[in-house]
Structures are given as structure tokens and as C-alpha cells.
Amino acid sequence: EDQVTQSPEALRLQEGESSSLNCSYTVSGLRGLFWYRQDPGKGPEFLFTLYSAGEEKEKERLKATLTKKESFLHITAPKPEDSATYLCAVGSGSARQLTFGSGTQLTVLP
Amino acid sequence: GAGVSQSPRYKVAKRGQDVALRCDPISGHVSLFWYQQALGQGPEFLTYFQNEAQLDKSGLPSDRFFAERPEGSVSTLKIQRTQQEDSAVYLCASSTHRDTEAFFGQGTRLTVV
């Protein structure tokens, strides 16, 4: 059974204080690892897909990296508008669906 | 449309009432997924369609849950005889292929009273 664990559950940062969110996973045959952002009352918004260990992707202040056991979402010099819940999900084997972690609730204080 | 559209956004149902939740996926997207999200948790898989075929319904929690996509575009999730434990946000997502990123709608928040 696929498992995804995200840490920390919640993170409070000062504006400009860089940090990383962790996503550890156990899957049988990774098809892809996905990062989503979710604002309160909204559906998840797609950020990145990573397919193989060593792969990295960047978008504005966000950078996602992937190893064989975990993924990191690095946030550089965050702003208050980066406050949201960040969800990690994996697709594996022949399963069509994604398995999600519980998310990291990020709060960036001005 | 530009994105996945779900309706209604909010639904309050009395226990025992039947409800129907609608999803309009992105035009041309073959794959359609339904997820259930409890407060403070990540989405959990309910069911998957490829065009009009329901290929996986292993996540449906009971036989009170039923989903259809008769013409391969719009999908409806129906819950019969709603229970309080059915209260959650129901999310629909679509993608061009099962291995590509899925785009989510805003969700329907169902509250059973």
C-alpha cells in the first residue's frame, strides 16, 4: 500500500525566512510525485510533477526536488501570499489515482 | 471552460436525503477522478473514469455512493441516504491522461445534519 507522510504538519515563517517542507513516500513503482497548493475553501492547485530521482523543478520562490525516498519543497524568501497548505501526492504502479499526504500548513508572517 | 467546474459549491442535506454532485471537467480531458477530503486531511480517492468507463471504484466507502459519466464528459456523484459521516468536501479532478497532472475543481462542501 502506498504511503505518503508530510512534515511538519504546520510551519510558521517570517517573511523572507527560507525553509523546506518534506514529503516521504513508500510506493511500488513510482509513476510521478506531485506537489499541489491548496488555499482555504479552494481545490488543490497544481505546482509540480517530478518523475525520477535527482529531478528538480522551480517556479518563482518554490523549488521541488526528488530522491528515491522523499521530496522537498524549498521556499526561498517567502511572502505572505505563499501562505497555504502544500500537499504532496504520488502515483504508482498500475493505480490510476493519486495517494495524498495530509499536507503542511504554511503561514508566512509579514 | 477554463477549468474544472463543480456544483453546487455548498450543500446541506438532512440525514437520509439523497444528493447529487456535478462535475464539468476540462474539455477534452479523458481521465476524471472523484476525491473526498475531510477537514485537515489530504484528498482520498473515490473513483476514476476513463471517458465514460468507470475503471476503478475501489475508494467508494459504501454502496450508497454511485458515480456516472455517461457521455464521457460531465460526471455526477450521487450519495443515497446520506449519513453524518458523509460530511466532507468532494473534489473532482480531470487530466489528459492518468500519468499527467490532474486539475481540481473548487469542490462541493457537503454538510449532513
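Keep in mind it's a predicted model, so treat the numbers as computed, not measured.

Rules of the game
Residues numbered from 1 in each chain as written. Chains lettered and ligands numbered in written order. Predicted model: local features only at pLDDT ≥ 70, side-chain atom pairs only at ≥ 80, totals over all residues. Heavy atoms only, no water. Contact = heavy atoms within 4.5 Å. Buried area = accessible area lost by both parts, 1.4 Å probe. Salt bridge = Lys/Arg side-chain N within 4 Å of Asp/Glu carboxyl O. Polar contact = N/O pair within 3.5 Å; in protein donor to acceptor, adjacent residues only side chain to side chain. Helix = DSSP H or I, 4+ residues; strand = E, 2+ residues; numbered from the N terminus. Nonpolar A, V, L, I, M, F, W, Y, C, P; charged D, E, K, R; others polar. Phe/Tyr/Trp six-rings, centres within 6.5 Å; stacked < 30°, edge-to-face > 60°. Buried < 20%, exposed > 50% of the residue type's maximum accessible area, 1.4 Å probe, protein only.

With that settled, consider the interface of chain B and chain A. Taken together, the contact between chain B and chain A spans 22 residues of the former and 21 residues of the latter. Surface buried jointly by chain B and chain A totals about 1,700 Å² across both partners, of which 50% is contributed by carbon and sulfur atoms. Linking chain B to chain A there are 0 salt bridges. Put simply, chain B and chain A have 5 residue pairs in polar contact (both at pLDDT 80 or more) between them. Secondary-structure elements contributing two or more residues to the side of chain B that touches chain A are β4 (31-37), β5 (44-50), β6 (53-56) and β10 (103-104) of chain B. With 3 residues, β4 of chain B is the largest single contributor of residues to the side of chain B that touches chain A. By residue class, the composition of the side of chain B that touches chain A is 10 nonpolar, 7 polar and 5 charged.

Next up on the list: the packing of aromatic side chains. Residue and element names in this part refer to chain B. Following the criterion strictly, the structure yields 11 aromatic pairs over all chains and no others. Note on Y35 and F104: the rings are 5.6 Å apart at their centroids and 50° apart in plane angle, and the pair reads as tilted. Of this pair, Y35 sits in strand β4 while F104 sits in strand β10, and the two are 69 residues apart along the sequence. Judged on exposure class, the residue Y35 and its partner F104 are both buried.

Any functional reading would require information beyond the geometric quantities listed.
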